[in-house]
Amino acid sequence: VLVPFFSTDILQLRGLDVGITGWLLALLGPVGCLVLCELCKLITAFQMQRYQQVLAEHHAAEDKRLAAAAAKHSAGNQPPPQPTKP
């Protein structure tokens with residue numbers, strides 16, 4: 001595309017003739033990409049935070065279950081409790 005004969009005569013590209021509208025559209029693409037990328041970062045951060053909350057709740061419930069089972073085990077002769085998979 002940067003070869004003078006190829007870009008001007010074969011592809012008929014005229015970079016200087018696009019005008020202000022062409023230049024604005026050419027700059028709009030990268031700016032739009034930047035905005036969308038930053039929005040995706042915010043969405044991903046929200047998803048990660050929510051996942052960590054769910055994981056913490058799961059671990060708290062599992063710890064509570066294991067503590068209750070251990071207390072029950074110490075009162076009787078039952079086998080020790082086994083952790084469950086998340």
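In this text, all values refer to a predicted model and were calculated from it rather than measured experimentally.

Thresholds, definitions, all that
Residues numbered from 1 in each chain as written. Predicted model: local features only at pLDDT ≥ 70, side-chain atom pairs only at ≥ 80, totals over all residues. Heavy atoms only, no water. Helix = DSSP H or I, 4+ residues; strand = E, 2+ residues; numbered from the N terminus. Rg over C-alpha atoms; globule rule 2.2 N^0.38 Å. Buried < 20%, exposed > 50% of the residue type's maximum accessible area, 1.4 Å probe, protein only. Areas by Shrake-Rupley, 256 points an atom, 1.4 Å probe, with all protein chains shown as cover. Lys, Arg positive; Asp, Glu negative; His and termini not counted. Charge placed at Lys NZ, Arg CZ, Asp CG, Glu CD. Contact = heavy atoms within 4.5 Å. Patch = residues over 30% accessible without salt bridge, like charges linked within 9 Å, V, L, I, M, F, W, Y side chains within 5 Å. Salt bridge = Lys/Arg side-chain N within 4 Å of Asp/Glu carboxyl O. Disulfide = S-S within 2.5 Å.

1. Topic: the overall build of the chain
Within the chain, the regular secondary structure consists of two helices and zero strands. For 86 residues, the compact-globule formula gives about 12 Å, and the C-alpha radius of gyration of the chain, at 31 Å, lies well above that figure. For the chain, the spread of C-alpha atoms along the three principal axes comes to 90 × 25 × 10 Å. Burial analysis of the chain (86 residues in total) assigns 2% to the buried set. Within the structure as shown, the chain displays about 7700 Å² of accessible surface, and the carbon and sulfur contribution to it stands at 71%. Taken as two groups, the 7 positive and 6 negative side-chain charges of the chain have centres that lie 17 Å from each other.

2. A look at unusual backbone geometry
One non-glycine residue with positive phi stands out, namely glutamine 12, at about 55°. As for its placement among the helices and strands, glutamine 12 is situated in the loop between helix H1 (4–10) and helix H2 (19–75).

3. Here we look at the side chain of glutamate 62
When you line up the elements, glutamate 62 lands in helix H2. Discounting residues that sit within four places of it in the chain, glutamate 62 has contacts with Pro83 and Thr84.

4. With respect to a nonpolar patch on the surface
A cluster of nonpolar side chains, namely Val3, Phe5, Phe6, Ile10, Leu11 and Leu13, defines an oily patch on the protein surface of about 560 Å² accessible area. Structurally, phenylalanine 6 is set in helix H1.

5. Brief notes about the state of the cysteines
Applying the stated rule across the entire model yields zero disulfides. Unpaired in this structure, cysteine 33 has its nearest cysteine sulfur neighbour in cysteine 37, at a distance of 4.1 Å. Judged by its relative accessible area of 44%, cysteine 33 is partly exposed.

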